[in-house]
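Structural features, examined
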Amino acid sequence: MHSLSYSIPELVRGLALLTASALVAKLLTVVVPLPALLVAVFIGILLTNLVALNQQTQTGLQIYKPCLKAGIVLMGVQFTLSDVVAAGPRIVLLVLLVILLSLGVVELLSARGFGLPSKFTSLLAAGIAICGTSAIAAVAGSIDPKEDHIAYAIATVLIFDTVAILVFPPLGRFLNLAPNVFGVWVGLSMFSTGPVAAAGFAYADSAGQWATLTKLTRNMFIGIVTTAYAFRYIDFGDDIDIPSLLSDARKQFPKFVLGFLGMILLTNVVQPPAPLIDVLARASEWLFLLAFAGFGIQIHPHNLRQTGFVPLIVGLISLLLISIASLLLLNTAF
């Protein structure tokens with residue numbers, strides 16, 4: 001959630017490497033029977049684990065984050081307003097139920113079941129329930145946890161993001177889920193926005209769109225959860241700066257979500273010509289390719305060594321319970 005800044009050389013290096021990775025991913029799909037977005041993730045993983053990237057390049061590669069946000073905004077041109085309005089109330093209700101379930105499961109498992117530290121539990125619960133590493137960073141800024149707890153929570157989320165990208169698409173095909181149902185399912189169950197979109201698009205284009213829409217709905221609750229955790233750890237013997245807490249919650253709101261919703265509204269009201277919509281949709285696809293290559297570059301084997309097994313057990317049980325509960329809820333809603 002923090003702002004990013006780059007020097008021109010860093011930006012050039014980062015964009016060049018991401019662009020090259022995206023082009024290779026696109027070319028490989030001619031011979032590899034996998035979606036280009038998933039191939040881009042694998043290329044990123046190979047790069048970061050086989051090639052020594054200098055600090056300037058690693059800094060520049062963080063441009064993948066705004067690429068992902070821009071890709072999501074432009075993806076709004078592919079939605080019809082009637083579909084979004086029709087599904088909106090059901091998705092919001094499902095998201096609320098899943099967030100409450102996720103927070104409860106992780107808090108109970110971590111603190112009561114395994115005796116993990118309270119603030120570490122809160123970081124992990126926010127990451128699993130809302131939007132992965134972004135939620136962890138947001139909550140960390142409001143509760144002042146130990147630095148190693150932040151690292152462990154982030155590593156846990158990244159590990160399950162990686163596994164989920166590989167597991168969910170074939171599982172959806174095994175269950176013979178319709179693309180829209182699969183998309184909403186991964187949007188409710190998986191942890192971070194990038195991997196949710198990757199898993200969705202690996203299944204079908206429409207699944208990727210519904211997965212992203214559902215995940216963005218979850219992301220919008222980041223300010224509420226961050227504020228709730230801030231209140232939880234307040235020492236009420238001190239003066240409480242309520243306006244400051246509310247201001248922090250407003251700052252944590254993912255503003256690119258407004259751009260995505262605005263693009264849906266603009267496209268459906270103005271109704272631009274089909275060639276322009278096609279250009280914007282292709283631009284969104286390429287921005288996703290850049291972003292997913294960047295996401296792959298963030299995946300390191302040392303995350304597993306760093307995290308330890310107890311948070312992984314908590315993450316695994318939480319993912320299983322949330323996925324099963326989400327699928328059961330979807331059967332009644334769609």
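Before reading on, note that the structure itself is shown above.
Here the structure is a predicted model, which is why all the values come from computation and not from measurement.

Conventions we followed
Residues numbered from 1 in each chain as written. Predicted model: local features only at pLDDT ≥ 70, side-chain atom pairs only at ≥ 80, totals over all residues. Heavy atoms only, no water. Phe/Tyr/Trp six-rings, centres within 6.5 Å; stacked < 30°, edge-to-face > 60°. Lys NZ or Arg CZ within 6 Å of the ring centre and 35° of its normal. Axes fitted to C-alpha atoms, helices over the stretch in contact; angles between N-to-C directions. Helix = DSSP H or I, 4+ residues; strand = E, 2+ residues; numbered from the N terminus. Parallel < 35°, antiparallel > 145°, perpendicular 65-115°, else oblique. Left-handed = near helix turned anticlockwise from the far one by under 90°. Contact = heavy atoms within 4.5 Å. Nonpolar A, V, L, I, M, F, W, Y, C, P; charged D, E, K, R; others polar. Salt bridge = Lys/Arg side-chain N within 4 Å of Asp/Glu carboxyl O. Buried < 20%, exposed > 50% of the residue type's maximum accessible area, 1.4 Å probe, protein only. Core = buried A, V, L, I, M, F, W, Y, C linked by side-chain atoms within 4.5 Å.

This brings us to the packing of aromatic side chains. Counted according to the given criterion, the structure contains six aromatic pairs. One aromatic cluster in this structure is built from Phe168, Phe182, Trp185 and Tyr203. Note that lysine 26 overlies the ring of tryptophan 286, its terminal NZ or CZ placed 6.0 Å from the centroid.

Next up on the list: the packing of helix H9 (residues 193-203) against helix H10 (residues 205-219). Closest axis-to-axis distance for the H9/H10 pair is 6 Å, and the angle between their directions is 160 degrees. For the element pair H9 / H10, the angle class is roughly antiparallel. Here the hand of the crossing between H9 and H10 comes out right-handed. Facing H9, whose interface residues are Thr193, Val196, Ala197, Gly200, Phe201 and Tyr203, H10 presents Asp205, Ala207, Gly208, Gln209, Ala211, Thr212, Lys215, Leu216 and Asn219. Residues belonging to the contact of H9 with H10 are distributed by class as follows: seven nonpolar, six polar and two charged.

The next thing to look at is the packing of helix H6 (residues 118-143) against helix H16 (residues 309-333). Running from N to C, H6 and H16 point in directions that differ by 35 degrees, and their axes come no closer than 12 Å. Between H6 and H16 lies a crossing of right-handed hand. Contacts between H6 and H16 involve Phe120, Leu124 and Ile128 from the former and Pro311, Val314, Gly315, Ser318 and Ile322 from the latter. When its residues are assigned to classes, the contact of H6 with H16 shows six nonpolar, two polar and no charged.

We now examine the pattern of salt bridges. This model, assessed by the stated rule, comprises three salt bridges. In this structure, glutamate 107 and arginine 232 form a salt bridge, with 3.0 Å as the shortest nitrogen-oxygen distance. Highlighted residues: glutamate 107 in helix H5 (residues 81-113) and arginine 232 in helix H11 (residues 222-232), separated in sequence by 125 residues. Judged by its relative accessible area of 43%, arginine 232 is partly exposed.

Among the secondary structure elements, phenylalanine 160 is positioned in helix H7 (residues 147-174). What makes phenylalanine 160 buried here is its relative accessible area of 8%. Phenylalanine 160 sits 32 residues away from serine 192 along the chain, and the two C-alpha atoms are 9.5 Å apart. When residues no more than four places from it in sequence are discounted, the contact partners of phenylalanine 160 are Phe191, Leu312, Gly315, Leu316 and Leu319.

Before going further, it helps to examine the nonpolar core. Among soluble globular proteins, nonpolar side chains are generally buried collectively. In this structure, Ile130, Phe288 and Phe292 are the most contacted members of the largest nonpolar core, which totals 108 residues. Each residue touching isoleucine 130, except ones within four places of it in the same chain, is listed here: Ile99, Ala135, Phe191, Lys215, Arg218, Asn219, Phe221, Ile222 and Val225.

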